[in-house]
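Breakdown of the fold
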Amino acid sequence: MQFEKSRNRRSVLAGLGVAAIGLSFTTAGCSEKSGDGGGDANKLNFYNWDTYIGETTLADFAKASGVQVNMSLFATNDEMFAKLKAGNPGFDVVVPSNEFVERMAKADMLLPLDHSKIPNMKNIAPEFLNPDYDPGRKYSMPYTWLVIGIGYRKSKVAATPDSWKWVYDSDLYKGRIAMMSEAADLIRLGARYLGKSLVGLQQADIDQVRDMLIRQKPNVKTFHEDNGQDLLLSGDVDIVMEYNGDIAQVMQEDPDLDFVIPKEGGLINSDTLVIPKGAPRVENAHKFINFLLDAEVGKHISETILYPTPNAAAKALMPASYRDNPVVFPSGPGMDASEYGRFEGPETQAAFEEAITKMRAA
Amino acid sequence: MSDEGWRQERGTLAATLGPPLFWLVVFFLVPLAVVWAYSFGQNAGLTDIRISGTFANYARALEPLYLGILAKSIGMAGLTTLICLIVGFPVALAITFADDRAKTWLLLLVMLPFWTNLLIRTYALIAVLRTEGYVNWTLEFLWNRLGSIWSLEPFVPLDLLHNNAAVLFGLVYVHLPFMILPLYAALDRLDRSLIEASLDLGAGHFRTMMQIVVPIALPGILSGILITFIPALGAYLTPDLLGGPDSQMIANVIERQFKRANDWPFGAALSFLLLYLTFILIALQAMLQRRQAQ
C-alpha cells in the first residue's frame, strides 16, 4: 500500500515536470532507458559489498553462461544509495540491505523481478519469502541475513549478558562497553529494551531513548563504526553491540569470545539481490540472480563469507560446524523476539539522527 | 612593445593560465556552487532536492545545539594549532640552522607522512594507543621489571584511546607538517646578520627570538596557523576513529547529513557556515598582514 502511495506522489511530481520553482538535479531520462540484452550482451555490472562473494563464483558464472561479470564494491548502503540516486550509472545487479530495498522501492529506483526467470527461488527458506519490507519478493531476492546482538568476552563478564540492559542502562561494565554509532540502530534497539517495537516509534519514544543514552554515555567507551569485533578482539572493550557474522569471524581467533541475542530481541538485517532501474542488461541480471540462488553456488559463497544464508538448499549442503553454529544461526527467546528494521521515511530518519547528534553533544 | 609581441604574450598567458583556470572552474567552483544552491533547498521525496530559496537550513544550523558543536570544534582546532605552533616552531628553526645536507633529509622526514594515506596513519595510531597497544605494552613490560625488584600493584593499562586527548593527539600528529613547512619557509629567508647583531648588542637568546625572529617571521606564522587551523576544524576521520562518546566534531555531523541522514540541504548549510568562517579568517589574516606591512 505504502509503495503505491509514494510512487503515485512521485509520478504526479514527475508529470508536472517537478512542479516547484527552481532546479532539480535528477537525471530522469537516464533511468528510463532499461532494455534487454543491449549492445554487449555477454557482460554484467555487479555492485556488491567487499569480500561478499565466493572465491570462484564469478568465474563459474562466466563458464556456465558466457557472461563476464564486472564487480564494483561499496562499503555502506549510503554510498550505494548516493551513487544510484542521481541515476543508475550502469549497474545490473546491486546488493542493498532490506531497509534500503524499501527506500529504493519507494523512490522508484528498482525494477520488479520476473520470478519465472528465477526458478531457484524454490531454494529459499519459506520464512524469507514474504518479508514485510518487500511483500511477495517483488523487487528483491535474499542473499544473506544477519542480526545485531551482544558480543562479549566470557572471562570478563559476571554472567551471560542476555539483556540490552548491560549495554544501555547499567554501570556494571563501565568503560568497557562499545555501542554502534549508527543512529537508527542505536535508537531502535534502545526502544526495544524499553519494551517497544522497532517499528513505528514516535518522537516521545525517541526522546526517551535519547535521555537514557545521555545517562549511559559516561559508561560507554566508544561509539564504533561497525568495527566492534576488532575492539572486542583487541581487549579494548569487553561487551559490544555488533552483528552475529562479525563476532563469528573473531570467535575463530579467540575462544574467549561469545555472542548472545538479548532476550528483548535484536534487529534483523538482510542483504538482497535487486535490479536497479536503468539496468542495461536485465536478462543477464535475472540469469545471475538465479545462478547465485543455486544450491551448490550458494554453498560455495557461504563457505567463503561465513554469513547466515537464507538459502535452505545451500545450507543443507554445508558442514555441521556451520549449520549448527549457534552464533551464525542463533535460536532461542532472543531470536524469536527479533524483528526486521523498516525504512519509515526521511522524517523519522532525520529524527533519529538529530537525537543522536544531541546525545553525542550533551 | 609591438602589437605582435603583446598578442604573443597574451597567447602564452592564456596557455599557462587556461588549464588550471578550467580545472578550477569545472571541478571546484561549479560543484561548490551546486552545493551552495543545495543549502537553500529542501528534500522533495527521497532522491530530489528542490532549491526553494529557503533559509530554514541556516536557521537550523544556528540552533544552540549545532553552534555548541561548532564552538567545541573551534576549541579543538584552536588547541591543535597552538600545540602545533609550540612544537613546530623550534623544529622549523632547527631545520633552518641545519647544514644543507641535513636540511634536505629533515625536510623529507617532515613530508614523509604525506606519502601514507591518512586512514592508514590513523589506524596505526590506534595500534599504538589502544589498551593492549604498543605504549601500554611497553609500560607494562617496564612496570613488571620494576615489580621484580620492589613489590608493586598489578599494572593497570592507561586509557589512551577513545577520549578527547586521543583526538587532540591525532590532530596534532596529522597537522604538524602543515605548521612546520610555512614556518620553515619564513624562517629560512631570515637575514641571519640581524640575529647576530641582536646577540652582539647584548640581548639574550629568548629576547632575540621574541623581538627579532618572531616579528620578522610573523607572516609565515600567520599562514601556518591558518593552514593548520582550517583542516583541523574540518577533521572527521580522527574524531570518529580515535574519539570517545564525547568527541563529536562539526564535520562528523556534516558527514552524517550527507550519508545516513540523507539531508543534503542541511549538510550543505553546515558546510557553508564553516566556509564562511574560513573566509572571515583569511580576510583577518590579510588585514593583519597589511597592517604589519605599513
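Rules used in this analysis
- Residues numbered from 1 in each chain as written.
- Chains lettered and ligands numbered in written order.
- Predicted model: local features only at pLDDT ≥ 70, side-chain atom pairs only at ≥ 80, totals over all residues.
- Heavy atoms only, no water.
- Helix = DSSP H or I, 4+ residues; strand = E, 2+ residues; numbered from the N terminus.
- Rg over C-alpha atoms; globule rule 2.2 N^0.38 Å.
- Contact = heavy atoms within 4.5 Å.
- Lys, Arg positive; Asp, Glu negative; His and termini not counted.
- Charge placed at Lys NZ, Arg CZ, Asp CG, Glu CD.
- Buried area = accessible area lost by both parts, 1.4 Å probe.
- Salt bridge = Lys/Arg side-chain N within 4 Å of Asp/Glu carboxyl O.
- Polar contact = N/O pair within 3.5 Å; in protein donor to acceptor, adjacent residues only side chain to side chain.
- Nonpolar A, V, L, I, M, F, W, Y, C, P; charged D, E, K, R; others polar.
- Domains from an automatic or database assignment.
- Pairing = 2+ DSSP bridges.
- Expected span 1.5 Å × (residues − 1).
- Buried < 20%, exposed > 50% of the residue type's maximum accessible area, 1.4 Å probe, protein only.
- Axes fitted to C-alpha atoms, helices over the stretch in contact; angles between N-to-C directions.
- Parallel < 35°, antiparallel > 145°, perpendicular 65-115°, else oblique.
- Left-handed = near helix turned anticlockwise from the far one by under 90°.
- Core = buried A, V, L, I, M, F, W, Y, C linked by side-chain atoms within 4.5 Å.
- Arc of directions from axis to C-beta.

When helices and strands are counted, chain B shows twelve helices and two strands. Relative to a compact globule of 294 residues, whose C-alpha radius of gyration would be 19 Å, chain B shows 25 Å and is clearly more extended. Across its three principal axes, chain B shows a C-alpha extent of roughly 80 × 60 × 35 Å. Once local pairs closer than 6 in sequence are excluded, the contacts in chain B between residues at least 24 apart make up 67%. Treating the 18 positive side-chain charges of chain B as one cloud and the 19 negative ones as another, the clouds have centres 4 Å apart.

On to the interface of chain A and chain B, then. At the junction of the two partners, chain A supplies 41 residues and chain B supplies 34 residues. For the pair chain A and chain B, the two sides together bury roughly 3,600 Å², of which 51% comes from carbon and sulfur. For the interface between chain A and chain B, the tally reads seven salt bridges. Close ionic contact of Arg130(B) with Asp236(A) constitutes a salt bridge, the shortest N to O distance being 3.1 Å. Taken together, the connections running from chain A to chain B amount to 15 residue pairs in polar contact (both at pLDDT 80 or more). The set of elements that each furnish at least two residues to the side of chain A that touches chain B consists of helix 1 (2–15), helix 3 (77–85), helix 4 (98–106), strand 6 (220–224), helix 8 (228–233) and helix 15 (346–361) of chain A. If one sorts the elements of the side of chain A that touches chain B by residue count, helix 15 of chain A sits on top with eight residues. Residue classes in the side of chain A that touches chain B are distributed as 15 nonpolar, ten polar and 16 charged.

Interface size is often expressed as the accessible area that is lost when the parts come together. All names here are of chain A. Per the domain assignment, the segments of chain A are domain 1 (2–145 + 270–323) and domain 2 (146–268 + 330–361). Taken residue by residue, the interface counts 18 residues in domain 1 and 15 residues in domain 2. Both faces considered, domain 1 and domain 2 share a buried interface measuring about 1,500 Å² in area, 54% of it formed by carbon and sulfur atoms. Of all residues in domain 1, the largest losses of buried area upon contact with domain 2 belong to Glu99, Trp145 and Tyr307, amounting jointly to 40% of the total for that side. Our enumeration of links across domain 1 and domain 2 arrives at two salt bridges. Glu102 is the partner of Arg342 in a salt bridge, and the nearest nitrogen-oxygen pair spans 2.9 Å. Applying the counting criterion to the domain 1 and domain 2 interface returns six residue pairs in polar contact (both at pLDDT 80 or more). If you list the elements that add at least two residues to the side of domain 1 that touches domain 2, you get helix 4, strand 4 (140–153) and strand 9 (267–274). Sorting elements by how many residues they give to the side of domain 1 that touches domain 2 places helix 4 first, with five residues.

Another point: the pairing of strand 1 (residues 41–44) of chain B. Residue and element names in this part refer to chain B. Two strands pair when backbone bridges link them, and strand 1 and strand 2 (residues 48–51) are joined in this way by four bridges, in the antiparallel orientation. Residue pairing for strand 2: Gly41 is matched across the bridge by Ile51. Linking strand 1 back to strand 2 in an antiparallel pair, the connection comprises three residues, with Gly45 at a positive phi of about 75°.

We now examine helix 15 of chain A. For helix 15 of chain A, with 16 residues, the first-to-last C-alpha span of 22 Å sits near the 22 Å given by 1.5 Å per residue. Buried within helix 15 of chain A we find Thr348(A), Gln349(A), Ala351(A), Phe352(A), Glu353(A), Glu354(A), Ala355(A), Ile356(A), Thr357(A), Met359(A) and Arg360(A). Tucked into the core, helix 15 of chain A has its buried residues touching helix 6 (183–193), helix 7 (203–216) and strand 6 of chain A together with helix 2 (56–61), helix 3 (64–97) and helix 11 (250–258) of chain B.

Our next topic: unusual backbone geometry. All names here are of chain A. Of note in this structure, Asp108 is not a glycine but carries a positive phi near 60°. Here Asp108 lies in the loop between helix 4 and strand 4. The backbone of Arg137 shows a phi angle near 55°, a positive value even though the residue is not glycine. Counting through the fold element by element, Arg137 comes out in the loop between helix 4 and strand 4.

One can find Gln229(A) in helix 8. Each residue touching Gln229(A), except ones within four places of it in the same chain, is listed here: Glu242(A), Asp246(A), Ile247(A) and Val250(A).

Under the counting rule described, the total for this entry stands at 25 salt bridges over all chains. Residue Asp207(A) pairs with Arg210(A) through a salt bridge whose shortest N-O separation is 3.4 Å. Taken together, the residues span about one helical turn, with Asp207(A) and Arg210(A) both in helix 7 at a distance of three residues. Under the relative-accessibility criterion, Asp207(A) is labelled partly exposed at 24%. By relative accessible area, Arg210(A) is classed as buried at 15%. Close ionic contact of Arg60(B) with Glu354(A) constitutes a salt bridge, the shortest N to O distance being 2.8 Å. One end of the pair, Arg60(B), is in helix 2; the other, Glu354(A), is in helix 15, on a second chain. Residues joined by salt bridges that share partners form a network here, namely Glu99(A), Asp185(A) and Arg188(A).

What follows concerns the packing of helix 5 (residues 118–129) of chain B against helix 7 (residues 164–188) of chain B. Residue and element names in this part refer to chain B. Taken N-terminus to C-terminus, the directions of helix 5 and helix 7 make an angle of 135°; their axes are 11 Å apart at the nearest point. As far as their axial angle goes, helix 7 and helix 5 are oblique. When you trace helix 5 past helix 7, the crossing you get is right-handed. Facing Leu118, Arg121, Leu125 and Leu129 of helix 5, the residues of helix 7 in contact are Phe169, Gly170, Tyr173 and Val174. Counted by class, the contact of helix 5 with helix 7 contains six nonpolar, one polar and one charged residues.

With that settled, consider the side chain of Thr228(B). Residues and elements named next belong to chain B. Mapped onto the elements of the fold, Thr228 is located in helix 9 (residues 205–233). Take Thr228: its relative accessible area is 0%, and that puts it in the buried class. If sequence neighbours within four positions are ignored, Thr228 has contacts with Thr81, Cys84, His175, Phe178 and Met179.

Next up on the list: the nonpolar core. Residues and elements named next belong to chain A. Of all hydrophobic cores here, the largest spans 110 residues; its most connected members are Phe46, Tyr168, Met179 and Leu292. When residues of this core are assigned to their parent elements, the largest contribution, eight residues, is made by strand 4. Tyr168 has contacts with Met179, Asp185, Leu186, Leu189, Gly190, Tyr193, Met212, Leu213, Gln216 and Met241, leaving out every residue within four places of it along the chain.

On to helix 2 (residues 57–65) of chain A, then. Residue and element names in this part refer to chain A. Those residues of helix 2 lying buried are Thr57, Leu58, Phe61 and Ala62. For helix 2, the angular spread of the buried residues around the axis is 140°, confining them to a single face. Helix 2 presents Lys63 and Ala64 as exposed residues on the side facing more than 90 degrees away from its buried surface. Residues of helix 2 that are buried in the fold lie against strand 1 (43–49), strand 2 (68–74), helix 10 (282–292) and helix 11 (295–305). Positive backbone phi, at 80°, marks Gly66, one or two positions downstream of helix 2.

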